[in-house]
Amino acid sequence: MPRIALRRKSLRLIGLAAVVAVAAAAWWGWESRWVSRQRFWLQQEIAKVQSAAPAGQVGLGGYVADIQALPVGDERNMSSATYDAQRRVLVSITNRDPHLLELSLDGALRRRIDLSGFRDPEAVEYLGPGRYMIAEERRRRVTEVALDERTEKVALDAQASRQLTLGPPDDDNRGFEGLAYDPARRRLYIAKENDPVRIFEVDGLFAPSGQAVNVSVGVDPARDRRLFVTDISGMVFDSRTEHLLVLSDESKLVIEMDAAGRPVGMMDLRAGHHGLRDDIPQAEGIALDDEGNLYIISEPNLFYRFRKEKASP
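Report on the accompanying structure.

Scoring rules and cut-offs
- Residues numbered from 1 in each chain as written.
- Predicted model: local features only at pLDDT ≥ 70, side-chain atom pairs only at ≥ 80, totals over all residues.
- Heavy atoms only, no water.
- Helix = DSSP H or I, 4+ residues; strand = E, 2+ residues; numbered from the N terminus.
- Buried < 20%, exposed > 50% of the residue type's maximum accessible area, 1.4 Å probe, protein only.
- Contact = heavy atoms within 4.5 Å.
- Areas by Shrake-Rupley, 256 points an atom, 1.4 Å probe, with all protein chains shown as cover.
- Salt bridge = Lys/Arg side-chain N within 4 Å of Asp/Glu carboxyl O.
- Pairing = 2+ DSSP bridges.
- Axes fitted to C-alpha atoms, helices over the stretch in contact; angles between N-to-C directions.
- Core = buried A, V, L, I, M, F, W, Y, C linked by side-chain atoms within 4.5 Å.
- Phe/Tyr/Trp six-rings, centres within 6.5 Å; stacked < 30°, edge-to-face > 60°.
- Patch = residues over 30% accessible without salt bridge, like charges linked within 9 Å, V, L, I, M, F, W, Y side chains within 5 Å.
- Polar contact = N/O pair within 3.5 Å; in protein donor to acceptor, adjacent residues only side chain to side chain.

From N to C terminus, the protein chain includes 2 helices and 21 strands. By the burial criterion, 50% of the 313 residues in the protein chain qualify as buried. Across the protein chain, contacts joining residues at least 24 apart in sequence account for 54% of those joining residues at least 6 apart. As displayed, the protein chain offers around 15,300 Å² of accessible surface, 52% of which is attributable to carbon and sulfur atoms.

In the structure shown here, the tally under the stated rule is 26 salt bridges. Ionic pairing is found between Arg110 and Glu102, a salt bridge with its closest N-O pair at 3.5 Å. On the basis of relative accessibility, which here comes to 3%, the residue Glu102 falls in the buried class. Residue Arg240 is joined to Asp238 by a salt bridge in which the shortest nitrogen-to-oxygen separation is 3.0 Å. For Arg240, a relative accessible area of 51% translates into the label exposed. Where salt bridges share partners, they join Arg187, Arg198, Glu201, Asp203, Arg223 and Asp224 into one cluster.

All right, on to the sheet that holds strand 9 (residues 153-155) then. Read from one edge to the other, the open sheet built from 5 strands follows the order 2-3-4-5-9, with strand pairing classed as mixed. Pairing within the sheet leaves two strands with one partner each, and these edge strands are strand 2 (78-84) and strand 9. Neighbour to neighbour, the strand axes of the sheet diverge by 25° on average, direction disregarded. Across 3 bridges, strand 5 (residues 109-116) lies against strand 9 in parallel orientation. From the neighbouring strand, Asp114 faces strand 9, where its bridge partner is Lys153.

A general trend in soluble globular proteins is that nonpolar side chains are found buried together. Counting residues in each nonpolar core, the largest one holds 20 residues, and the members touching the most others are Leu245, Val254, Leu294, Ile296 and Phe306. Secondary structure elements with two or more residues in this core: strand 1 (63-71), strand 16 (243-248), strand 19 (283-288), strand 20 (294-298) and strand 21 (302-308). By size, the runner-up hydrophobic cluster in this structure holds 18 residues, among which are Ile199, Ile232, Leu253 and Ile255.

Attention now goes to the packing of aromatic side chains. Tallied over the full model, the rule gives 5 aromatic pairs. Taking 5.5 Å as the distance between ring centres and 70° as the angle between the ring planes, the aromatic pair formed by Tyr126 and Tyr132 counts as edge-to-face. Here the two residues Tyr126 and Tyr132 agree in accessibility, since each one is buried. Ring geometry for Tyr295 against Phe303: centres 6.0 Å apart, planes inclined by 45°, an arrangement best described as tilted. Summarising the burial analysis for this pair, Tyr295 and Phe303 share the class buried.

A separate point is the environment of Leu269. Along the chain, Leu269 falls in the loop between strand 18 (263-268) and strand 19. A C-alpha to C-alpha distance of 6.0 Å links Leu269 and Asp279, two positions 10 residues apart in sequence. Those residues within four positions of Leu269 in sequence are excluded, and the remaining contacts are Leu247, Lys252, Leu253, Val254, Leu276, Asp279, Ile280, Ala283 and Ile296.

Attention shifts here to a nonpolar patch on the surface. Together, Val213, Val215 and Val217 make up a nonpolar patch on the protein surface, roughly 220 Å² of accessible area in all. Tracing the sequence through the fold places Val217 in strand 14 (residues 216-219). The class for Val217 is partly exposed, based on a relative accessible area of 39%.

Time to look at the environment of Tyr304. By the element assignment, Tyr304 lies in strand 21. In sequence terms Tyr304 and Asp106 are 198 residues apart; their C-alpha atoms lie 8.7 Å from each other. Excluding residues that lie within four positions of it along the chain, Tyr304 makes contacts with Ile67, Gln68, Ala69, Leu276, Asp279, Ile280, Pro281, Leu294, Tyr295, Ile296 and Ser298.

Here Arg223 is to be found in helix 2 (residues 221-226). Within the structure, Arg223 has its side chain in polar contact with the backbone oxygen of Ile199 (distance 2.9 Å). Excluding residues that lie within four positions of it along the chain, Arg223 makes contacts with Tyr189, Ile199, Glu201, Met257 and Gly261.

Attention now moves to the environment of Pro121. Relative to the helices and strands, Pro121 resides in strand 6 (residues 121-128). Between the alpha carbons of Pro121 and Phe176 there is a distance of 8.8 Å; along the sequence they are 55 residues apart. Ignoring anything within four residues of it in the chain, the contact list for Pro121 reads Ile93, Thr94, Asn95, Pro98, Leu115, Ile134, Ala135 and Glu136.

A word on the side chain of Arg187. Its place among the elements puts Arg187 in strand 12 (residues 187-192). In terms of polar contacts, Arg187 uses its side chain to reach the side chain of Asp203, at 3.0 Å.

Most of strand 21 sits inside the fold, with 5 of its 7 residues counted as buried. As paired elements, strand 1 and strand 21 share 6 bridges and run antiparallel to each other. What sits directly across from Ile67, in strand 21, is Arg305. Counting the residues between successive antiparallel strands, the hairpin from strand 20 to strand 21 contains 3 residues.

That's the geometry; what it means functionally is another story.
Laid out in structure tokens, this is it:
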């Protein structure tokens, strides 16, 4: 090829690279400004609610990381976290090569439990002794399973007594991403990741034995708009305050919502906040234990524990 043609081709490639770099910088700047606006609007909403009803909160501002970025085995795609109050362990899930992971409260991997028949499971939630719920993102389905210290394998039961599908299956990877359970009301919360961000409230699925099942599914668009986040990656329900904690990977936040669906607190998951040395890279799961300690799982396999700072005498 003639030298002049090569030079022209090189100039075109350099020009294309420059355009891509400028576009990437513009996108990064726009995204940063959008996240900053989200945080500002959220802070305004929180301030408004706190001035009217400041009491009865989880108190996210008081948490400090005492374990951070601890690798869990050689896992590659951990997602979700839930606390088993009976056995005092944490359970997580992986969506590729699906299996459950049982962890100690200091992040040590205790065992792996194979999952059979599940496709792209993204969330697991403790319901009560020996009972869990698993959510499959693309199938938009939740299924109850049995799990205890003797379980070696969990197989999908298509005839499970408690199984619910919301909407047709698809492959857009924007389906079910988080679960939370309110044991007092027997209410299951299901988070849709984005486009749009949505939290479904499922009642009647856990009717007491012998009673007819009458399932209803509700949404609260006003509450979801008040989150001011671009995605939901996990949730946990706090029975002590009856508040919902919502985790957002993209916005790097935990948001506390009260029973009326109003934001009353937030926790920043970026470096320099709550004792974090670095940003939590991809927060995918959140749990609370019965002492109020807060746990976050970050993909691919990082474990974080936060404890409340002791008040000064």
